[in-house]
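Results of the structural survey
Chain residues, written in single-letter form:
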Amino acid sequence: MPRVITTPNTEELLPAAARNNAEWCAAVCRGGAFSADGWSSARRTPPLYPDAVTLTRHASAAALLAGTDTDSPGCSVKDSFADLDLGPAGFEVLFEARWIHRPAGVPVPAAPGLEWSRVRTVAELEAWETAWDGGECTGLFHPGLLTGDIALLAGSAGGVVVAGAVASVAAGVVGLSNVFTAEGTPADEAWRGGLTAVAQLWPDLPVVGYESGDDLDTAVRHGFTVLGPLRVWLHSSSRQDTA
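Now for a look at the structure at hand.

Here we look at the overall build of the chain
Within the chain one finds 5 helices and 11 strands. Overall, the C-alpha framework of the chain stretches about 50 × 40 × 30 Å when taken along its three principal axes. Put simply, the chain has 243 residues, and 48% of those count as buried. For the chain, the accessible surface area stands at approximately 10900 Å², while carbon and sulfur atoms represent 53% of it.

Topic: the side chain of Arg118
Tracing the backbone shows Arg118 in strand 6 (residues 115–118). Buried within the structure, Arg118 lacks any salt-bridge partner; its nearest side chain of opposite charge belongs to Asp149, at an N-O separation of 7.2 Å. A distance of 2.9 Å separates the side chain of Arg118 from the backbone oxygen of Ile150, its partner in a polar contact. Beyond its immediate sequence surroundings of up to four residues, Arg118 is in contact with Glu124, Thr147, Gly148, Ile150, Ala151, Leu152 and Leu201.

Remarks on the environment of Val207
The residue Val207 is located in strand 10 (residues 207–211) in this model. With 34 residues separating them in the primary sequence, Val207 and Val173 have C-alpha atoms 5.8 Å apart. Apart from the residues within four sequence positions on either side, Val207 is in contact with Ile100, His101, Arg102, Val174, Leu176, Leu195, Val198 and Phe224.

Observations regarding the pairing of strand 9 (residues 173–181)
By the criterion of burial, strand 9 is predominantly enclosed, with 7 of the 9 residues buried. Here strand 8 (residues 160–170) pairs with strand 9 via 7 bridges, running antiparallel. Each bridged residue has a counterpart across the sheet, and for Ser168 the counterpart in strand 9 is Gly175. Hairpin connection of strand 8 to strand 9: 2 residues between the antiparallel strands, including Ala171 at a positive phi of 60°. In this structure, strand 9 lies alongside strand 10, joined through 2 bridges in parallel fashion. The partner of Val174 across the bridge, within strand 10, is Val207.

Here we look at the pattern of salt bridges
If you walk through the whole model with that rule in mind, you get 7 salt bridges. For the salt bridge of Arg19 with Glu23, the shortest nitrogen-to-oxygen distance reads 2.9 Å. Here Arg19 and its partner Glu23 are both found in helix 1 (residues 10–29), 4 residues apart, which amounts to about one turn of the helix. The class for Arg19 is partly exposed, based on a relative accessible area of 30%. Judged by relative accessible area, Glu23 falls into the partly exposed class, the value being 28%. Measuring nitrogen to oxygen at the nearest pair gives 2.9 Å for the salt bridge that ties Arg221 to Asp188. Residue Arg221 is located in helix 5 (residues 213–221), and its partner Asp188 is located in helix 4 (residues 187–201); the two are separated by 33 residues in the primary sequence. Arg221 gets classed as exposed once you look at its relative accessible area, which sits at 52%. Look at the salt bridges and you will find they share partners, linking Arg44, Asp51 and Asp69 into a network.

Criteria and cut-off values
- Residues numbered from 1 in each chain as written.
- Predicted model: local features only at pLDDT ≥ 70, side-chain atom pairs only at ≥ 80, totals over all residues.
- Heavy atoms only, no water.
- Helix = DSSP H or I, 4+ residues; strand = E, 2+ residues; numbered from the N terminus.
- Buried < 20%, exposed > 50% of the residue type's maximum accessible area, 1.4 Å probe, protein only.
- Areas by Shrake-Rupley, 256 points an atom, 1.4 Å probe, with all protein chains shown as cover.
- Lys, Arg positive; Asp, Glu negative; His and termini not counted.
- Salt bridge = Lys/Arg side-chain N within 4 Å of Asp/Glu carboxyl O.
- Polar contact = N/O pair within 3.5 Å; in protein donor to acceptor, adjacent residues only side chain to side chain.
- Contact = heavy atoms within 4.5 Å.
- Pairing = 2+ DSSP bridges.

Structure follows, in structure tokens:
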């Protein structure tokens, strides 16, 4: 019997996507605190990761920022519903993106050419991060991430990692993030390979994430639909990229 594909409504999926992403940020940052409306870290988070993530619409900006360090450079907030005004608190919009969703059970086109596997050892993790970074492993992705609910996925050619993605389970969905390919490897290879691995690991869960620009176009080409906007705010005392 064919699998029946159901699509939860947007008002269910958006909070789930935000919570899933916050759980991933907490795992990378090794802590932080959750409240009903958000997640925040009292200490500066690693590069590319926010200091706070909203989990509900109209979350209190004051309450969220009370749990972060806004005095030292680099404080950033992921405004999951793009409905906060953090300008009065000294923040500027760093970038905007779109939450995306792909229902469970949607077939994934074959991904020829690369050998895909799940990262399981420290050595494999270092090779994966080196490929993700484009030449250096800084330890951002630590061994504590090699758990049952998080899968770092590696696509290799000739034993060398040339593509990858992260899949993380929380809030009843799979978050797909950090999709990358090395120079010379088509982006489609990473999306096909990552989605194939997710379908094998968690076939009954919908997939969510967020993207912008060309990456958003690529995600849509691979079966994702847009759920809604998000913004990342950066404290105006410094400028750095945050993802």
